[in-house]
Amino acid sequence: EDTMASAGMICRWITVALALTMMAGCGPPPPPAGEVEINKLATWFQYFRTEHRGKAAKDEEELIAFIRKEYEVAPEKTPDMEQLFTSPRDGQKYGVMYGVKQKSRVDLEKNLACYEAEGVDGKRLVAYESAWTEELDQAALDAILEGYKK
């Protein structure tokens, strides 16, 4: 019986220790800097495409007009467009896939939406229409962009 009580006490202590560790911030790491911001633009880009039968906005002006129209009922909630279209990591306007045909209507992870102009430390943050992001070096980004020219 003492062994069972000791085992039960050890299990309780392990459970408490694990709970305290998780509460102390040992959960998943935070997203990379800039990921949330680029995903906002990628989401708007994809929403425009959805509302226009798969057609991308032809330019920034058309995408901004679309976003502003979505906020007509609550204009005070309209996002700051300069902030929306600018990377907080490199301070440059994002490259956006204006007027580009979708690679896939089913697999949105194949459809590049936007990317950083310069990035940080040789890496550019890119976002797909699925709002999935990744950091790529210049050669990898160039290869993706080249695929859209074919």
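Note: the structure precedes this text.
Note that the structure is predicted; figures quoted are calculated from it, not measured.

Caption draft 1: Spotlight on the packing of aromatic side chains. In this structure the tally under the stated criterion is 6 aromatic pairs. Linked through ring pairs, Trp44, Tyr47, Phe48, Phe66 and Tyr71 together constitute an aromatic cluster.

Caption draft 2: Structural view of the pairing of strand β2 (residues 112-115). The pairing of strand β1 (residues 95-96) with β2 spans 2 bridges and is antiparallel. Across the sheet, valine 96 pairs through a bridge with cysteine 114, a residue of β2. Bridge count for β2 against strand β3 (residues 123-128) is 3 bridges, and the pairing is antiparallel. The residue bridging cysteine 114 from the neighbouring strand is alanine 127, located in β3.

Caption draft 3: Summary view of the pairing of strand β4 (residues 133-137). Sheet topology places β3 next to β4; 5 bridges connect them, and they run antiparallel. Within β4, the position partnered with alanine 127 by the bridge is threonine 133. Following β3, the chain reverses through 4 residues before pairing antiparallel with β4; alanine 131 in that reversal takes a positive phi of roughly 70 degrees.

Caption draft 4: How the structure looks around helix α3 (residues 60-70). For α3, the set of buried residues is Leu63, Ile64, Phe66 and Ile67. Projected down its long axis, α3 shows its buried positions confined to an angular sector of 160 degrees, all on one face. Exposed residues lying more than 90 degrees from the buried face of α3 are Glu61 and Lys69. Tucked inside the fold, the buried residues of α3 contact α2 (35-51) and α4 (81-84).

Calculation rules
- Residues numbered from 1 in each chain as written.
- Predicted model: local features only at pLDDT ≥ 70, side-chain atom pairs only at ≥ 80, totals over all residues.
- Heavy atoms only, no water.
- Phe/Tyr/Trp six-rings, centres within 6.5 Å; stacked < 30°, edge-to-face > 60°.
- Pairing = 2+ DSSP bridges.
- Helix = DSSP H or I, 4+ residues; strand = E, 2+ residues; numbered from the N terminus.
- Buried < 20%, exposed > 50% of the residue type's maximum accessible area, 1.4 Å probe, protein only.
- Arc of directions from axis to C-beta.
- Contact = heavy atoms within 4.5 Å.

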